[in-house]
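Residues per chain are reported as follows:
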Amino acid sequence: YVKCPRVPADMDTKNGHRRSKIDPDKVEYVFGYNLVTPTSVEPELGLELPISSFVGNGFLHEGSALIPLKNKILTRHPYLKTTIDITDAAYDDTENYNCIRSSGSIPFIDYNNRNENLSCESILKRGYDHNGWPIAPCNYPATPDGYEKERQRLLFACLKKCISNPNDIPLKGFLSACPYRSSPLGFTKHLCINQLPRLLNEVPRGTKRYKLVRNLRSSSERTNSSLKNGLDILNNPVVMNITSASTVAAMGN
């Protein structure tokens, strides 16, 4: 038997990476565990409480933790009704959207464009912009104008912006030839969420309401900060396996 000093004593952990605290544009590697802690936010009561935890090795893809966490919360908190789920772009997977919607909640997940071509030519060719808003014939994005819950579809309309702001219309000279001028809402289009399940949302992306709800995600950052700095539980804990790491995480909750 040979004992190699380079072999770690903790065989459960793995190398992970995170954004550098010194230079946010760089990634630094960390040997350890990854703790995912969902926070329950009650704006009317002014409460922000961690309700569960999921611990994996440092190589864990955080997006894969959402479904196990949802199932754990439903098991341990059966009376907790979740109406919205807010996450960052690491959870931008179709399976996560389906899981959230099947539980009766609305997903607010940062969209990961995954190197999509977002040039003007590409947007005009595919027919919708980075928020999922369809492009009107005048090359101007139609804005959201309603949501049908039963049919799971959104209504978009140009609202005749070419009449009120003719100088802002990308396609000059289209005003006189627009075939939708006689329509009350101008150009309209329905889009079902299942057409673009990651990009289209029950509360349309890019709207004021979407941004207002999305800002509640800062609650999770405060939870992480409390566990690391306030309670000093996750500040360099001594753990030797995933079981003890999970125990430390449960102490924090």
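Refer to the preceding data block for the structure.
Quantities reported herein were computed from a predicted structural model and do not represent experimental measurements. Counting restarts for each chain, with residues numbered from 1 along the sequence as it is written. Local features are withheld for residues below a pLDDT of 70 in this predicted model, meaning they are given only at 70 or higher, and side-chain atom pairs are given and counted only at 80 or more; totals for whole chains, interfaces and linings count all residues. Hydrogens and water molecules were not included; the side-chain quantities draw on all heavy atoms of the structure.

Peer 1: So what's going on with the packing of aromatic side chains? Residues and values would help.
Peer 2: Whether two aromatic rings pair depends on their centres lying within 6.5 Å, for rings of Phe, Tyr and Trp, where Trp uses its six-membered ring; planes under 30 degrees apart make the pair stacked, over 60 edge-to-face, and the rest tilted. In the structure shown here, the tally under the stated rule is two aromatic pairs. Measuring from ring centre to ring centre gives 5.4 Å for Tyr180 and Phe187, while their planes differ by 80°; the resulting arrangement is edge-to-face.

Peer 1: Could you give an account of the pairing of strand S4 (residues 47–50), naming the residues involved and the relevant values?
Peer 2: Sheet topology places strand S3 (residues 39–42) next to S4; four bridges connect them, and they run antiparallel. Within S4, the residue paired with Ser40 across the bridge is Leu49. Joining the antiparallel neighbours S3 and S4 is a turn of four residues, in which Gly46 adopts a positive phi near 70°. We call two strands paired when DSSP finds no fewer than two bridges between them. The numbering of helices and of strands both runs from the N terminus, where a helix is a DSSP run of H or I of at least 4 residues and a strand a run of E of at least 2.

Peer 1: Let's hear about helix H7 (residues 242–252): which residues, and what values?
Peer 2: Between buried and exposed lies partly exposed: a residue is buried under 20% and exposed over 50% of the maximum accessible area for its type, with that area taken using a 1.4 Å probe on protein chains only. For H7, the set of buried residues is Ala245, Val248, Ala249 and Gly252. One face of H7 carries all of its buried residues, which in axial projection span an arc of 100°. Facing away from the buried side of H7, by more than 90 degrees, are the exposed residues Thr243 and Met251. Each element contacted by the buried residues of H7 is listed here: strand S2 (27–36), strand S5 (54–57) and helix H6 (218–230). For this analysis, a polar contact is any N or O atom pair within 3.5 Å, provided that within protein one partner can donate a hydrogen and the other can accept it, and provided that sequence-adjacent residues contribute only side-chain to side-chain pairs. The N-cap residue of H7 is Asn241: its side-chain oxygen and the backbone nitrogen of Thr243 are 3.1 Å apart. Directions from the helix axis toward the C-beta atoms define the arc. Contacts are assigned to residue pairs with any non-hydrogen atoms lying within 4.5 Å of each other.

Peer 1: Please give an account of the sheet that holds strand S10 (residues 188–192) that cites residues and values.
Peer 2: The pairing of strands in a sheet comes from backbone hydrogen bonds and takes either a parallel or an antiparallel form. The strand order across the open sheet formed by three strands is S8-S9-S10, and the pairing between neighbours is antiparallel. Looking at strand neighbours, the two that pair on one side only are strand S8 (143–148) and S10, the edges of this open sheet. Going across the sheet, the axis of each strand differs from the next one's by a mean of 25°, ignoring polarity. Here strand S9 (residues 153–157) runs beside S10; their pairing, made up of five bridges, is antiparallel. Residue Arg153 lies in a different strand from S10, and its bridge partner there is Cys192. Helix axes are fitted only over the stretch in contact, all axes being lines through C-alpha atoms; the angle between N-to-C directions runs from 0 to 180 degrees.

Peer 1: Help me get a handle on the nonpolar core, residues and values and all.
Peer 2: The biggest cluster of nonpolar side chains holds eleven residues, and these are Trp133, Ala136, Cys138, Ala142, Leu154, Phe156, Cys158, Phe187, Leu191, Ile193 and Leu200. Among residues more than four places away in sequence, those in contact with Phe187 are Ile135, Ala136, Pro137, Ala142, Phe156, Ala157, Cys158 and Tyr180. The criterion is simple. A nonpolar core is a set of buried Ala, Val, Leu, Ile, Met, Phe, Trp, Tyr and Cys residues joined through side-chain atoms within 4.5 Å. Core analysis: the next-biggest nonpolar cluster, separate from the first, contains ten residues, Leu66, Tyr91, Tyr97 and Ile100 among them.

Peer 1: Account for the sheet that holds strand S1 (residues 14–19), with residues named and values stated.
Peer 2: In spatial order, the strands read S1-S2-S5; together these three strands make up an open sheet with antiparallel pairing. The outermost strands of the open sheet, each flanked by one partner alone, are S1 and S5. Shown here is a sheet whose adjacent strand axes are inclined to one another by a mean of 55°, direction ignored. In the sheet, S1 pairs with S2 via six bridges, with the strands oriented antiparallel.

Peer 1: Break down the environment of Lys70 for me, citing the residues and quoting the values.
Peer 2: Locating Lys70 in the fold gives a position in helix H1 (residues 66–76). For Lys70, a relative accessible area of 10% corresponds to the buried category. With 26 residues separating them in the primary sequence, Lys70 and Asn96 have C-alpha atoms 9.9 Å apart. Sequence-distant contacts of Lys70, defined by excluding residues within four places in its chain, comprise Thr82, Asp85, Cys99 and Ser103. Among the polar contacts listed, one links the side chain of Lys70 to the side chain of Asp85, at a separation of 3.2 Å.

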